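Here is how the chains run, residue by residue.
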There are 2 protein chains.
Amino acid sequence: MSNKKINVAICGYGNLGRGVERAIAKNPDMELVGIFTRRDPATVDSVMGASVYNICDLLSEECKEKIDVLILCGGSATDLPEQGPTFAGMYNTVDSFDTHAKIPEYFKVVNQMALGSGKTAIISTGWDPGMFSKNRLEIDAILPGANLYTFWGPGVSQGHSDAIRRINGVKDARQYTMPVEKAMNQVRDGENPVLSVRQKHTRVCYVVAEEGADTAGIEKAITTMPNYFDEYDTTVYFITEEEMREKHSGMPHGGSVIGCGVTGEGNNQVVEYSLKLASNPEFTGSVLVAYARAAYRMNQMGLCGAKTVFDVAPAMLSAKTHEEMIKML
Amino acid sequence: MSNKKINVAICGYGNLGRGVERAIAKNPDMELVGIFTRRDPATVDSVMGASVYNICDLLSEECKEKIDVLILCGGSATDLPEQGPTFAGMYNTVDSFDTHAKIPEYFKVVNQMALGSGKTAIISTGWDPGMFSKNRLEIDAILPGANLYTFWGPGVSQGHSDAIRRINGVKDARQYTMPVEKAMNQVRDGENPVLSVRQKHTRVCYVVAEEGADTAGIEKAITTMPNYFDEYDTTVYFITEEEMREKHSGMPHGGSVIGCGVTGEGNNQVVEYSLKLASNPEFTGSVLVAYARAAYRMNQMGLCGAKTVFDVAPAMLSAKTHEEMIKML
């Protein structure tokens, strides 16, 4: 690999964008060109002091020449469906598109644009989709017919927290998804249990109610909310704003992919990949940055079009030399 | 991918060869051409009824035409240093070469032979080296500077069992490598401990002594044996032949790779990949078979020479179609 630094830019500057910015600083083979935002750049302060530009500048020839990989840190609901294809028509990109049902369609349009521009776009990276998907695929390849289980948490779910915040009388809320230890241990012991939604995860909610709000009503609105909570055992705690700030301002998350297959005459083989993350966006950002290195290199090798974590060889992610890697075997 | 079955052959028929044979039977896109052995084929019974041939037949044009991938199941001490380069000069190969210090040299000679023949040789697969190496590399790429820990066991170590069997007065022996739970939990909790050899693993030995043997002498010979036991806390139990047969005839193994990195302002990020295997050779065999699929495909794509697990994209391992994979994201 050459000694040229990889010029990386960030598009979208929320929690994930900040996680990516911090991760780039830990990779000496990369340089952060700048952060591109839809907001007024003057109002955005970068955590590590990077330059902030208007997103429209990404259309300039100067940017196109300078930026080797653009990391898309927008949301999957409205940002990425538009930005993913558009920017794959101009840049090597990496994103964390995670609307599961729409991934095939998203892959298709991004692929068309990237093939047209001769760029490489690695979509749906992060940890799930991403590292978890990769492990599910690998376990299935090594142990055909293995039962695959995914447990999430303990961790904060942004979507579920937001759903609670929309209830009348709720000032703030934080929802934790908790895996059921007993179920996980059954899986680890090779019991291959059939598990309902309720048997795999529970939900714990911390809520700050507005003064005089009907807390019993709020609790009922949460626990019976369709899709979000009705299929789960949910516990609701009402706390003060102060307690919320002190104890629940982190963004921990994690989970496990567990595969259990059988070989030979009834030999259980259990594979587990698990994450315990103090900061979900900073870990996701770190994954995106490693895949940015891969996007740049794969493009250099002429591997254009949309790619997923399944298409990326581990060596592409690493800054190590071939000799250093061989020593790591 | 085409509908042609991948014709696979096994070279060397010990525990690993049997594991590979059983694994091939679970992969409908593969066909076992036969087992090739140095022994008299008439004396070898295959567990699944495959045809057994003399290893010299592998030099024939007929075999070279028929076999898509040859899985080398010999040992790393004497078989593979010779067979690896030789057969990479004729076949796509996969092996589990695991003499760590000699891997760079082995890679070099196998690479030369495979480049010369236009074949693809994936070396040092299995779980360590193999899946564990891959996870160490990936964690290091995602979390630069992360502390990487590898724990082995609980599991039977063949090399240590053999070392005990060579002691005077020992009729049979089985050695289990045990990870120290306390140390693993410190690592999982992000404490980044500095661990000595003794603090990471203990060794438990089950020994059948010959009648009238000096058991105290045997115990001392084991616990003080240089390289093998002297740096560990070792416990020795003397048992009967019957108990050995009943309780210690399996070949369980496993272990964990745990990486702990820090992102942002002191956020611990812990990644763990762990295996709990009822049969070590059957799992290793299953890994080799998945990499055999990759060797065949990579060769079809013109990717010749020696490769390692670092060079193989996850999609290469899987029998699933692109559409099926995208759905697994």
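Note that this is a predicted model, so its numbers are computed, not measured.

Colleague: Please clarify how the overall build of chain A should be interpreted in this entry.
Modeller: A count of helices and strands for chain A gives 13 helices and 14 strands. In terms of overall size, chain A behaves like a compact globule, its C-alpha atoms giving a radius of gyration of 22 Å where 329 residues would be expected to give roughly 20 Å. Taking the principal axes of the C-alpha coordinates as reference, chain A spans close to 65 × 60 × 35 Å. When the 329 residues of chain A are sorted by exposure, 56% land in the buried category. Looking at chain A alone, contacts between residues at least 24 apart form 67% of all its contacts between residues at least 6 apart. Entry remark: accessible area of chain A is about 14,000 Å², with carbon and sulfur atoms responsible for 48%. Separation of charge centres in chain A, based on 32 positive and 40 negative side chains, amounts to 3 Å.

Colleague: I would appreciate a short explanation of the packing of aromatic side chains in the present structure.
Modeller: What characterises a pair of aromatic rings is the spacing of the ring centres plus the angle enclosed by the ring planes. All names here are of chain A. For the coordinates displayed, the defined rule picks out 14 aromatic pairs over all chains. Taking 5.4 Å as the distance between ring centres and 20 degrees as the angle between the ring planes, the aromatic pair formed by Y206 and Y237 counts as stacked. A residue pair is termed long-range when its members are at least 10 positions apart, and Y206 in strand β10 (residues 201–209) and Y237 in strand β11 (residues 233–238) qualify at 31 residues. Accessibility expressed as a relative area gives 41% for Y237, which makes it partly exposed. Over the face of the ring belonging to Y13 we find R18, whose NZ or CZ atom lies 5.7 Å from the ring centre. Directly above the ring of Y232 sits R203, whose terminal nitrogen or CZ lies 4.1 Å from the centroid.

Colleague: What am I meant to see in the relation of the copies chain B and chain A here?
Modeller: Two copies of a chain can be linked by a rotation about an axis combined with a shift along that same axis. Between chain B and chain A, the superposition needs a rotation of 180 degrees and an axial shift of 0.0 Å, giving an RMSD of 0.0 Å. In short, the pair behaves as if placed about a two-fold rotation axis. Residue A313 of chain B, judged by its C-alpha, is the member of chain B lying nearest the rotation axis, at 1.9 Å.

Colleague: What am I meant to see in the pattern of salt bridges here?
Modeller: Overall, the coordinates contain 34 salt bridges over all chains when judged by the stated rule. The salt bridge involving E61 of chain A is made with K64 of chain A; its shortest N-O contact spans 3.5 Å. Of this pair, E61 of chain A and K64 of chain A both sit in helix α2 (residues 61–66), three residues apart, which is roughly one turn of that helix. For the salt bridge of E243 of chain A with K247 of chain A, the shortest nitrogen-to-oxygen distance reads 3.5 Å. Placement of the pair is E243 of chain A and K247 of chain A together in helix α10 (residues 241–247), with a separation of four residues, close to one helical turn. Assessed through its relative accessible area of 27%, E243 of chain A is described here as partly exposed. Judged by relative accessible area, K247 of chain A falls into the exposed class, the value being 56%. Residues joined in a network through salt bridges with shared partners are K134 and E138 of chain A together with K134 and E138 of chain B.

Colleague: Help me understand the interface of chain B and chain A, please; the structure alone is not making it clear to me.
Modeller: One frequently used descriptor of interface size is the decrease in accessible area upon assembly of the parts. Between chain B and chain A, the contact holds 64 residues from the first and 64 residues from the second. Between chain B and chain A, a total of about 5,600 Å² is buried, with carbon and sulfur atoms accounting for 61% of that surface. Its largest share of buried area at the contact with chain A, chain B owes to I142, F310 and L329 of chain B, together 14% of the area lost on that side. Our count for the chain B to chain A interface comes out at eight salt bridges. Of the charged contacts, one joins R22 of chain A and E265 of chain B as a salt bridge, the two residues approaching to 3.9 Å between their closest N and O atoms. Inspection of the chain B/chain A interface yields 29 residue pairs in polar contact (both at pLDDT 80 or more).

Criteria and cut-off values
- In every chain, residue numbers begin from 1 and rise along the written sequence.
- Naming scheme: in the order in which they are written, chains are lettered from A and ligands are numbered from 1.
- With pLDDT at 70 or above as the cut-off, local features in this predicted model cover only qualifying residues; side-chain atom pairs require 80 or more to be listed or tallied, and sums for whole chains, interfaces and linings still use all residues.
- Side-chain figures throughout are based on the complete set of non-hydrogen atoms in the structure, without hydrogens or water.
- Note on conventions: DSSP H or I runs of at least 4 residues are helices, E runs of at least 2 residues are strands, and numbering of each starts at the N terminus.
- A radius of gyration in this sense is built from C-alpha atoms; the matching globule rule multiplies 2.2 Å by the number of residues raised to 0.38.
- Using a 1.4 Å probe on the protein chains alone, a residue whose accessible area is under 20% of its type maximum counts as buried, one over 50% counts as exposed, and one in between counts as partly exposed.
- We call two residues in contact when some of their heavy atoms are within 4.5 Å.
- Using a 1.4 Å probe, accessible areas were evaluated by the Shrake-Rupley method; residue-level cover was limited to the displayed protein chains.
- Note on charges: Lys and Arg go in the positive column, Asp and Glu in the negative column, and His and the chain ends are not counted at all.
- A charge is said to be at NZ when it belongs to Lys, at CZ for Arg, at CG for Asp and at CD for Glu.
- Here is the rule: rings of Phe, Tyr and Trp (six-membered ring for Trp) pair when centre to centre is within 6.5 Å. Planes less than 30 degrees apart are stacked, more than 60 are edge-to-face, and the remainder are tilted.
- Lysine NZ or arginine CZ positioned within 6 Å of the ring centre and within 35 degrees of the ring normal marks a charge as sitting over the ring.
- A residue counts toward the fit only if its pLDDT is at least 70 in both copies, and the copies are then superposed by least squares on the C-alpha atoms of those residues.
- One side-chain nitrogen of Lys or Arg within 4 Å of one carboxyl oxygen of Asp or Glu is enough to make a salt bridge.
- A quick way to say it: buried area is the sum, across both parts, of accessible area lost when two parts are put together, with a 1.4 Å probe.
- In the analysis that follows, any N or O atom pair within 3.5 Å is treated as a polar contact, provided that within protein one partner can donate a hydrogen and the other can accept it, and provided that, for residues neighboring in sequence, both atoms belong to side chains.

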